[in-house]
Amino acid sequence: MILETISFSLFRIKNIVNPLFLFKIKQNRNYASGKIMLKLLKLLLFSFFFFWAPLRSEVRIESFSPEWFLVTFSLSFSEKIFWTCADFSWRPIEMNREQNRFFLQLLMEPGRYEFKYQTLQGKWFLDPDPPPSQTGVQLIKSSDGFQGFNQCLLLMPENTPSMKKTPVLPYSFTTGIKSLRWLEDPPRCLLSLAPEFGKTVLLWADGRAYPLRLKFSGSLKKNLGFELAPIPQGKAYFQIGEWFLSPAGLSRQLGSERFEFPSQTEGLDGVRASSHQHQGKIVYQIFPDRFCKAQIRSRSDERPWGEKPRDSWDFFGGDLDGILQKLDYLHSLGVELLYLNPIFLADTNHRYNTSDYFQIDPRLGTLEDFQDLVRESRKRGIEVILDGVFNHTGENFFAFQDLLQYQEKSPYREWYYVLNFPLKEKDKINYEGWWGIGSLPKLNIQHEEVRHYVYQVARYWAKQGIAGLRLDVPNEWRGDYWPEFRNTLLAEFPQFFLIGEIWDRAEDWLYGNRFDGVTHYPLRHWILDVIQEKPKAISQLKENVQEFDFYYGSWSRNTNWTVLSSHDTPRFLTAVQHQEQKLKLGALLQYGLPGMPVLYYGDEAGLSGGIDPDCRRCYPWDRPNQKLIHYYQQLGQYRKWRLSLKKGDIEFLPAPRDVLFFRRTYQQETTYVVCNPSTRIQKLRLPFRPNSIKILFPEQIHIENEKKNWYLLIQPESGCYLEEP
């Protein structure tokens, strides 16, 4: 807390001191002495701000209606300030100013809201000394996933006295703000309840009661999941014990409002055809500059292959021809989809700051090189997917350059979110950038010309033979463009595959009108917890998998990308303290659980790395871990031809507390997955005779018979696949 306060106090001092002295210091020829003078002044002012003028923020709530709160955020600050929140896609919302205090009032539903404050320059910060909780409000800190924190506001109506006069939906009733959902394929409704409500739920329609079926009750008893399929037509309400649920909320007295079901439900089989053909396929992700270098001669600005990356502007020379040369290697790993991080023209190695969406970056090769890669990949049964970065562009993108040159007279003034003119590109930007970064100006997708342009980019590369797009931060786009984008694209390219980069629970994106799947990052955390033997990790994983399966629906179960490592996370080998056996066990679970396992280049060769940019090291072609590669080849080839692992349902089976045991079933094929993350030999009773199974990785398993029962003895930190004929 003290360090945060010091850090933020210095930040406030900088905002006040810089405007007064920076101009004079820059004009001073002795710049070093000027910087010393500025530091001394900041140090003097620091003591005042730290001891006598601490930051004061406040969050106040009052009940607005049975379903809403009026929430007031207020903050003392010296310049314009914005409020940002995950539920608003981190879009900066300007706070109103009264003297040196800023205010923002919002109507908010009960739930959990992660937020920060943001300056005009795009700097993010928290109140290091948040106010004490008001009745019905909790303020806590939660990790933001980038080595920092968000403030988390919990609105809980059951603790608010004014809300008790009119009983409404308790916070514990939901696993999120939207707990009641209607699905179209097949027609059904889903409802989650806290266990204290009991296990009897009825839907009343046309004077008839329809009981909902209990689909899951997690081992940790957090909530119960109910399903009704098919759903009746017409107007309806729910009866949950003594409570009635209608559009007006949850109440002990039934009002006149009713849910209204559509008179007919249209299936989406045609829309979802592309997801079905890619179910369960293994994806190989490549950061193009770091995978393989085919060029004999290096550019003058390229660093030696294998040195540790430093920033976004160091290049190592990886290219498309290098990938082409390694296609047989990818095929040996069972890879069927090749996902490339951005390859379009840009001045950084990550290329998320696109300058031209229609041009391959010359460092990587030419359009002909790309076409060769697509053609040769298909010969090996591998399709290519590109990274679609349309939330923002680079500052060298033609539209932004035109805007800088012609300002408000530019025909592209509506392509970006400009706060005011003249547009400023450097110090204090007055336009929206991704997470406040000026070199990544945010596109205005609500503008028709931008929407048309994005579609034309996707259409162009679809014609070049790509199988689909992984869409970067689609949840940060304003408005709901994706149904339009998807439907337009699939009308011309029916097999096109769309994956959305969503880091949290994502059922809203998976009902057939937006994406075929999402990046299933939560699974990474669940597997890590299991591998590291955290308390209740196995029970938590089972409950989470069942709950996500309940909300996502069976059609997307096997099309979400399951990720252990990526360009945005530390590598899994680093996360498990470089213990190779833990990496192998994590991969066995990743390949055994539902979804499309994503193998991040180099993981199979023992490549390690921390947070960005360290997780983007060069593939170690001179010293790969051949034993580990062989293990991944076994996994990949087995899964590639095992339909129960690619397309099957999942059922968790009884096992000792420290063992994870489940089966995947598709038609007449069944595969069993066994995982022992503990440091002890575990004994597992089998539900079938061992002479009817085949064991994969037999060196880790010993079978014994005891009183006509068959058992597996599983070595520490190991696992296996078992199959029935």
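All values reported here derive from a predicted model rather than from experimental measurement.

**Looking at the overall build of the protein chain**
Along the backbone of the protein chain there are 16 helices and 38 strands. Surface summary for the protein chain: the accessible area is close to 32,100 Å², and the carbon and sulfur share equals 51%.

**Digging into the sheet that holds strand S35 (residues 694-696)**
In space, the 5 strands of this open sheet follow the order S31-S32-S33-S38-S35, with antiparallel pairing throughout. Both edges of this open sheet fall to strand S31 (649-652) and S35, since each of them pairs with a single strand only. For this sheet, the mean inter-axis angle between neighbouring strands, taken without regard to orientation, is 25°. Strand direction decides the pairing type here: strand S33 (residues 669-676) and strand S38 (residues 718-724), joined by 7 bridges, are antiparallel. Residue pairing in the sheet places Thr 670 in a bridge with Glu 724 of S38. Where helix H12 (residues 537-552) meets the sheet, it contacts S31 and strand S32 (660-666), and its direction lies at approximately 145° from that of S31. Lying on the sheet, helix H14 (residues 580-592) is in contact with S32, S33 and S38; it crosses S38 at an angle near 30°.

**Let's talk about the nonpolar core**
Tyr 284, Leu 340, Phe 370, Leu 386, Leu 469 and Phe 485 are the most contacted members of the largest nonpolar core, which totals 116 residues. Counting residues in each nonpolar core, the second largest holds 23 residues, with Phe 73, Phe 77, Ile 93 and Leu 139 among its members.

**Regarding the pattern of salt bridges**
All chains considered together, the criterion is met by 38 salt bridges. Between Asp 472 and Arg 470 there is a salt bridge; the shortest N-O distance is 3.1 Å. Comparing Asp 472 with Arg 470 shows no difference in burial state: the two are buried. Salt bridges sharing partners connect three or more residues here, namely Asp 289, Arg 290, Arg 303, Glu 307 and Asp 314.

**Examining helix H15 (residues 626-640)**
Taking 1.5 Å per residue, 15 residues should reach 21 Å; H15 reaches 21 Å between its end C-alpha atoms and fits that length. Two or three places before Lys 627, at the opening of H15, Asn 625 has a side-chain oxygen 3.3 Å from that residue's backbone nitrogen.

**Topic: the packing of H14 against H15**
The geometry of H14 relative to H15 is characterised by a closest axis approach of 11 Å and an angle of 10° between their N-to-C directions. The angle between H14 and H15 places the two elements in the roughly parallel class. Together, Glu 580, Leu 583, Lys 584, Leu 585, Ala 587, Leu 588, Gln 590, Tyr 591 and Gly 592 of H14 and Leu 628, Tyr 631, Tyr 632, Leu 635, Gly 636 and Arg 639 of H15 make up the contact between the two elements. Looking at the contact of H14 with H15 residue by residue, the class counts come to 9 nonpolar, 3 polar and 3 charged.

**Re the confidence of the model for the protein chain**
Predicted confidence across the protein chain gives a mean pLDDT of 81, with 79% of residues reaching 70 or more. Throughout residues 1-35 the model reports pLDDT below 50, and contacts reaching past four residues in sequence, or to other chains, amount to 54 contacts. For the stretch residues 263-273, pLDDT sits under 50, and the model shows 17 contacts to residues farther than four places along the chain or on other chains.

**Digging into the packing of aromatic side chains**
The full count for this structure, using the stated rule, is 49 aromatic pairs. Ring centres of Tyr 631 and Tyr 632 lie 6.2 Å apart, and the angle between their planes is 85°; this geometry places the pair in the edge-to-face category. Judged by its relative accessible area of 6%, Tyr 631 is buried. Using a relative accessible area of 2% as the deciding quantity, one classes Tyr 632 as buried. Seen from the ring of Trp 509, Arg 514 lies directly overhead, with NZ or CZ sitting 5.9 Å from the centre. Between the NZ or CZ atom of Lys 683 and the centre of the ring of Tyr 711, over which it lies, the distance is 4.8 Å.

**Comments concerning the packing of helix H9 (residues 448-463) against helix H10 (residues 482-492)**
Across the interface, H9 lies against H10 with an axial gap of 11 Å and an inter-helix angle of 35°. The crossing of H9 and H10 is right-handed. From H9, Arg 451, Val 454, Tyr 455, Ala 458, Arg 459 and Lys 463 reach across to H10, where they touch Glu 484, Phe 485, Thr 488, Leu 489 and Glu 492. Among the residues forming the contact of H9 with H10, the class breakdown is 5 nonpolar, 1 polar and 5 charged.

**Here's the deal with the pairing of strand S21 (residues 282-286)**
With 5 of 5 residues buried, S21 lies mostly within the body of the structure. By the alternation rule, side chains of S21 split into Ile 282, Tyr 284 and Ile 286 and Val 283 and Gln 285, which are all buried. Where S21 and strand S22 (residues 335-340) come together, 5 bridges link them in parallel fashion. Note that in S22 the partner of Ile 282 across the bridge is Val 335. Relative to strand S30 (residues 596-600), S21 runs parallel, the two being bridged by 3 bridges. Residue Gln 285 lies in a different strand from S30, and its bridge partner there is Tyr 600.

**Regarding the side chain of Thr 348**
As for its placement among the helices and strands, Thr 348 is situated in the loop between strand S23 (344-345) and strand S24 (356-360). Under the relative-accessibility criterion, Thr 348 is labelled buried at 2%. Polar side-chain contacts of Thr 348 include one of 3.1 Å to the backbone nitrogen of Arg 351. Among the polar contacts made by the side chain of Thr 348, one reaches the side chain of Asn 353 at a distance of 2.6 Å.

**Details of H14**
For H14, which comprises 13 residues, the first-to-last C-alpha distance of 18 Å matches the rise-based estimate of 18 Å (1.5 Å per residue) to within 8%. Among the 13 residues of H14, 11 are classified as buried, and the element is accordingly described as predominantly covered. Residues of H14 that are buried: Lys 582, Leu 583, Lys 584, Leu 585, Gly 586, Ala 587, Leu 588, Leu 589, Gln 590, Tyr 591 and Gly 592.

**Re the environment of Gly 322**
Summarising the element assignment, Gly 322 is placed in helix H5 (residues 320-325). Not counting chain neighbours up to four residues away, the residues in contact with Gly 322 comprise Cys 292 and Ala 294.

**Quick notes on the pairing of S38**
For S38, a buried count of 6 out of 7 residues is recorded, marking the element as mostly surrounded by other parts of the structure. Here S35 runs beside S38; their pairing, made up of 3 bridges, is antiparallel. Its bridge partner lying in S38, Ile 695 is registered against Leu 722.

**Observations regarding the sheet that holds strand S29 (residues 561-563)**
Spatial ordering of the closed barrel is given by S21-S22-S25-S26-S27-S28-S29-S30, a layout of 8 strands whose pairing is parallel. For this sheet, the mean inter-axis angle between neighbouring strands, taken without regard to orientation, is 25°. Relative to strand S27 (residues 497-500), strand S26 (residues 468-471) is paired through 4 bridges, and the arrangement is parallel. Pairing of Arg 470 across the sheet is with Ile 499, part of S27. Each of S21, S29 and S30 is contacted by H14, which is oriented at about 145° to S30, the strand it contacts most.

Parameters and conventions
- Note on numbering: residues in each chain are counted from 1, in written sequence order.
- With pLDDT at 70 or above as the cut-off, local features in this predicted model cover only qualifying residues; side-chain atom pairs require 80 or more to be listed or tallied, and sums for whole chains, interfaces and linings still use all residues.
- For the side-chain quantities, the full set of heavy atoms in the structure was used; hydrogens and water were omitted.
- Working definition: helices are DSSP H or I runs of at least four residues, strands are E runs of at least two. Numbering for both runs from the N terminus.
- Here the open area of atoms and residues is found with the Shrake-Rupley method and a 1.4 Å probe, where only the protein chains shown may cover a residue.
- Two strands qualify as a pair provided that DSSP identifies no fewer than 2 bridges between them.
- Lines fitted to C-alpha atoms define the axes, with helix axes restricted to the stretch in contact, and inter-axis angles between N-to-C directions lie between 0 and 180 degrees.
- Any two residues whose heavy atoms approach within 4.5 Å at even a single point are treated as in contact.
- Buried residues of nine kinds, namely Ala, Val, Leu, Ile, Met, Phe, Trp, Tyr and Cys, make up a nonpolar core once their side-chain atoms join them within 4.5 Å.
- Note on exposure labels: buried denotes an accessible area under 20% of the residue type's maximum, exposed denotes more than 50%, and partly exposed covers the range between, all computed with a 1.4 Å probe on protein chains only.
- The salt bridge definition used is simple: a Lys or Arg side-chain nitrogen within 4 Å of an Asp or Glu carboxyl oxygen.
- Any helix carries an expected span of 1.5 Å times its number of residues minus one.
- Nitrogen and oxygen atoms within 3.5 Å of one another constitute a polar contact, given that in protein one can donate a hydrogen and the other can accept it, and given that sequence-neighbouring residues count only through two side-chain atoms.
- What sets the label is the angle itself: under 35 degrees gives roughly parallel, over 145 gives roughly antiparallel, 65 to 115 gives roughly perpendicular, and the rest give oblique.
- Think of it as three bins: nonpolar holds Ala, Val, Leu, Ile, Met, Phe, Trp, Tyr, Cys and Pro, charged holds Asp, Glu, Lys and Arg, and polar takes everything else, Gly as well.
- As a per-residue measure, pLDDT tells how confident the predictor is, with possible values from 0 to 100.
- Ring pairs are drawn from Phe, Tyr and Trp, using the six-membered ring of Trp, whenever the two centres fall within 6.5 Å, and their geometry is named by plane angle: stacked under 30 degrees, edge-to-face over 60, tilted for the rest.
- Criterion for a charge above a ring: Arg CZ or Lys NZ at most 6 Å from the ring centre, at most 35 degrees from the ring normal.
- By convention, the crossing between two helices is left-handed when the near helix turns anticlockwise from the far helix through less than a right angle, and right-handed when the turn is clockwise.

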